[in-house]
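# Breakdown of the fold
Each chain, written out:
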Amino acid sequence: MKQFFKTVFASVLGVLIASGILILGFIFFLVGLTTSLGKEPAYLPENNSILKISLKGSVSDRVEQHPLAALLGEREEQLALTDVVKAIRLARDNNNIKGIYLQAGNLSAVPASLEAIRRALQEFKASNKFILAYGDSYTQGAYYVCSVADSVFLNPQGNLLLMGMASQGVFYPGLAEKVGVEFYIFKAGTYKGAVEPFYLKKYSDANRKQISSFINNIWGNITTAIRQDRGVSAESLDQFINEGKAFADASEAVNYRLVDGLRYLPEVEETLKQLTGTGKKEKLKVATVDKMIHMPQGKQRGDQIAVLYAEGVITEAKNSSAWGLDEKVISEKVAAELVKLKEDEKTKAVVFRVNSPGGSAYISDQIWKEVAELRKVKPIVVSMGDYAASGGYYIACAANRIVAEPTTLTGSIGVYGIIPNVTGLFDKVGLSTDMVKTNTYADLGDISRPMREDEKALIQASVDRTYDTFLSRCAEGRGMEKSRIDTIGQGRVWTGEQALAHGLVDKLGGMDMAIAEAAELAGLHTYAIKEVSTQKDFFSELFENTFNEVQARIAKKFVGEEYDLLRSMYQVRKKTGIQTILPFEIQPL
């Protein structure tokens with residue numbers, strides 16, 4: 001028997017040691033792999049090269065690289081706006097790059113991001129280098145970018161999908177009545193439309209007015225840019241769109257001068273060879289965005305301007321479940337980073353890049369506080385991305401200056417809260433509840449019973465108080481009367497162009513303009529740019545993201561096409577407390 005236990009013990013010990021060695025080996029493998037991935041060799045483009053930009057996938061300010069993502073299956077393609085713009089500008093200044101090739105694909109992006117890419121391409125054209133665009137088919141967003149090109153080609157069997165913009169809402173009262181659910185609505189702001197789907201069956205007149213205002217403003221900017229670069233009249237472009245030519249034979253796009261010709265991909269590649277002086281039997285020399293951003297650059301000297309990115313919904317923390325894998329959030333970490341930048345003597349100014357529809361009023365106020373405190377010590381300039389609305393505007397309003405894209409969605413200065421009552425649903429399914437409490441309001445928010453009038457009054461008072469604070473923050477930051485902010489507030493959403501007219505932003509432009517404004521305020525002539533991240537440390541990010549990736553793959557495999565719907569429901573459930581958030585999203589072009 002003793003020999004038996006010795007044998008078992010030895011076997012178990014051997015397994016443990018072997019497992020330990022395997023785990024350590026796996027850790028060293030991961031470290032080695034991620035280290036090698038993180039250190040890209042310096043890139044030098046060959047002479048007579050082109051920069052190829054594949055316009056497909058979604059666009060974000062920055063793209064977070066999940067460790068080992070490639071080993072876990074294909075991920076949705078994403079373009080990092082900062083990388084694309086950087087690559088275009090490096091290509092402009094490099095003599096070996098002769099032009100840019102835009103290959104249009106299934107691009108999904110909000111107008112403000114596309115506007116930034118388009119502006120960089122226009123600057124590139126000023127260097128007298130060529131831009132050629134080709135697509136088997138063009139989405140509206142891809143064509144908006146590609147229309148800046150010198151030559152635009154379309155597959156003979158393709159489509160130019162210019163159709164206009166629309167906003168559709170889904171309203172729940174009919175469904176809620178059938179299942180026995182009602183919603184108690186609390187809001188401050190006539191135009192705060194986020195709550196309308198819970199008590200109306202269509203858009204209110206006020207909400208319809210604001211949606212019509214900003215989508216017409218955005219679409220007007222897009223069509224004006226297309227007309228100017230393609231040299232077509234407003235009447236001709238409207239005719240193409242309104243007569244459904246998007247689904248007509250591809251030759252119609254040529255007839256309306258929206259594309260320069262119909263070609264297949266090999267023919268386009270031959271044209272590119274001619275433009276670069278590449279022989280017919282030679283291979284076209286291609287540089288990509290991923291390669292270009294690793295070109296060696298001269299060291300920037302002098303004081304630093306920090307660029308702090310805040311992208312996503314404002315909430316307490318990023319969730320670590322399968323439903324939040326690709327979720328971008330703005331949490332208390334941003335406030336903590338602002339404190340560090342305030343105390344950093346090397347940082348002389350801060351550019352705060354805000355790309356958010358809003359979220360938690362409490363977290364927004366914490367970040368606002370640190371923006372205001374930093375402003376007392378050094379300049380801070382906000383650069384607005386696709387959205388900087390509601391809570392996104394809250395965290396921006398205390399800056400010295402605000403720069404927005406013309407099609408940025410901003411404003412939405414308003415507050416709301418929703419509490420459901422599922423008494424009817426409980427009755428239908430035979431559920432009942434009981435409560436024992438110590439004080440009058442201990443069970444406030446209990447969804448299994450109707451709310452009392454005194455409870456409703458308390459919550460509405462809290463919402464009104466938060467709105468009043470929001471107005472005060474904006475008035476103080478913008479140097480305007482509180483009554484004036486209330487007039488242009490009320491939850492009303494504005495484009496950047498409209499916000500400029502109302503004094504909510506100072507200038508129209510992108511990140512470069514914001515950096516220039518920060519340098520001017522700080523009195524800097526030479527400076528280095530320091531990008532600041534609020535991501536976790538290397539090992540936490542590595543293992544958490546890898547585990548989450550596996551979770552997400554399993555969840556997607558299990559629930560199939562319903563994954564996105566369930567994820568949205570999960571994120572709605574996470575929202576607690578009073579919210580300052582944009583009432584809708586602009587559908588990508």
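Before reading further, recall that the structure is shown in the block above.
Residues numbered from 1 in each chain as written. Predicted model: local features only at pLDDT ≥ 70, side-chain atom pairs only at ≥ 80, totals over all residues. Heavy atoms only, no water.

## Here's the deal with unusual backbone geometry
In the Ramachandran plot, Asn128 falls in the positive-phi region, its phi being about 70° despite a non-glycine side chain. Within the secondary structure, Asn128 sits in the loop between helix H3 (111-125) and strand E4 (130-135). (Helix = DSSP H or I, 4+ residues; strand = E, 2+ residues; numbered from the N terminus.)

## Observations concerning empty space enclosed by the protein
Overall, the coordinates contain two cavities of 30 Å³ or more when judged by the stated rule. Of the volumes computed, that of the second largest cavity is approximately 30 Å³. Along the walls of the second largest cavity sit Leu154, Gly158, Asn159, Leu160, Phe240, Lys245, Ala246, Ala248, Asp249, Ala250 and Ala253, which together make up its complete lining. A per-class count over the lining of the second largest cavity returns seven nonpolar, two polar and two charged. (1 Å grid on protein atoms, 1.4 Å probe; cavity = no way out; pocket = protein on both sides within 12 Å on 5 of 7 lines; lining within 4 Å. Points joined across faces, edges and corners; volume = space filled by probe spheres on them. Nonpolar A, V, L, I, M, F, W, Y, C, P; charged D, E, K, R; others polar.)

## Examining the pattern of salt bridges
Under the definition given, this model contains 28 salt bridges. The salt bridge partner of Glu243 is Lys245, with a shortest N-O separation of 3.7 Å. As a salt-bridge pair, Asp506 and Arg478 come within 2.8 Å of each other at their nearest N and O atoms. Remark: Arg478 occurs in helix H15 (residues 453-478) and Asp506 occurs in the loop between helix H17 (496-501) and strand E19 (507-508); sequence separation between them is 28 residues. Where salt bridges share partners, they join Lys437, Asp443, Arg449, Arg452, Asp454 and Glu455 into one cluster. (Salt bridge = Lys/Arg side-chain N within 4 Å of Asp/Glu carboxyl O.)

## Re the packing of helix H2 (residues 81-93) against H3
Packing of H2 against H3 leaves a shortest axis separation of 9 Å and a crossing angle of 5°. The angle between H2 and H3 falls in the class roughly parallel. For the pair formed by H2 and H3, the contact residues are Leu81, Val84, Val85, Ile88, Arg89, Ala91 and Arg92 on the first element and Ser113, Ala116, Ile117, Ala120, Leu121, Glu123 and Phe124 on the second. (Axes fitted to C-alpha atoms, helices over the stretch in contact; angles between N-to-C directions. Parallel < 35°, antiparallel > 145°, perpendicular 65-115°, else oblique. Contact = heavy atoms within 4.5 Å.)

## Quick word on a nonpolar patch on the surface
Among the surface-exposed residues, Val170, Tyr172, Leu175 and Val179 lie close enough to one another that they form a single nonpolar patch of about 340 Å² accessible area. Judged by its relative accessible area of 31%, Val179 falls in the partly exposed class. (Patch = residues over 30% accessible without salt bridge, like charges linked within 9 Å, V, L, I, M, F, W, Y side chains within 5 Å. Areas by Shrake-Rupley, 256 points an atom, 1.4 Å probe, with all protein chains shown as cover. Buried < 20%, exposed > 50% of the residue type's maximum accessible area, 1.4 Å probe, protein only.)

## So, the pairing of strand E1 (residues 49-60)
The element E1 is largely enclosed, with a buried count of nine among its 12 residues. Bridging between E1 and strand E3 (residues 97-108) involves nine bridges; their strand directions are parallel. Among the inter-strand pairings, Ser54 is bridged to a residue of E3, identified as Gln103. With three bridges joining them, E1 and strand E8 (residues 286-288) adopt parallel strand pairing. (Pairing = 2+ DSSP bridges.)

## Examining the nonpolar core
One finds Ile88, Leu102, Leu162, Leu258 and Met292 to be the most contacted residues of the largest nonpolar core, which totals 67 residues. Looking at this core element by element, the count peaks at eight residues for helix H6 (residues 205-230). Among residues more than four places away in sequence, those in contact with Leu162 are Gln140, Tyr143, Trp219, Ile226, Leu237, Phe240, Ile241, Ala246 and Leu258. Counting residues in each nonpolar core, the second largest holds 53 residues, with Ala335, Val354, Ala399 and Leu471 among its members. (Core = buried A, V, L, I, M, F, W, Y, C linked by side-chain atoms within 4.5 Å.)

## A look at the packing of helix H11 (residues 332-343) against helix H12 (residues 361-375)
Orientation of H11 relative to H12, taken along the N-to-C sense of each, is 10°, at an axis distance of 8 Å. When the axes of H11 and H12 are compared, the pair comes out roughly parallel. Counted together, Glu332, Val334, Ala335, Leu338, Val339, Leu341 and Lys342 of H11 and Ile363, Gln366, Ile367, Glu370, Val371, Glu373 and Leu374 of H12 form the full contact between these two elements.

## Considerations on the packing of aromatic side chains
One pass over the full model with this rule turns up six aromatic pairs. With a centroid separation of 5.5 Å and an interplanar angle of 80°, the aromatic rings of Phe171 and Tyr203 are classed as edge-to-face. Linking Phe171 in the loop between strand E5 (151-154) and helix H5 (173-179) with Tyr203 in the loop between strand E6 (182-188) and H6, this pair joins segments that are 32 residues apart in sequence. Look at Phe171 and you get partly exposed, because its relative accessible area is 21%. Feature note: the residues Tyr172, Phe183 and Phe198 constitute an aromatic cluster, connected by ring pairs. In this arrangement the basic side chain of Arg473 is found over the ring face of Trp368, its NZ or CZ atom lying 3.8 Å from the centre. (Phe/Tyr/Trp six-rings, centres within 6.5 Å; stacked < 30°, edge-to-face > 60°. Lys NZ or Arg CZ within 6 Å of the ring centre and 35° of its normal.)

## Let's talk about H12
Across its 15 residues, H12 extends 21 Å between first and last C-alpha, which sits within 8% of the 21 Å expected from 1.5 Å per residue. Burial in H12 covers these residues: Ala361, Ile363, Ser364, Ile367, Trp368, Glu370, Val371, Ala372, Glu373 and Leu374. Where H12 begins, the side chain of Ser360 points an oxygen toward the backbone nitrogen of Tyr362, at a separation of 3.3 Å. (Expected span 1.5 Å × (residues − 1). Polar contact = N/O pair within 3.5 Å; in protein donor to acceptor, adjacent residues only side chain to side chain.)

## Focus: the side chain of Ser204
Tracing the backbone through its elements, the reader meets Ser204 in the loop between E6 and H6. Engagement of the side chain of Ser204 in a polar contact is seen with the side chain of Glu196, the distance being 2.4 Å.

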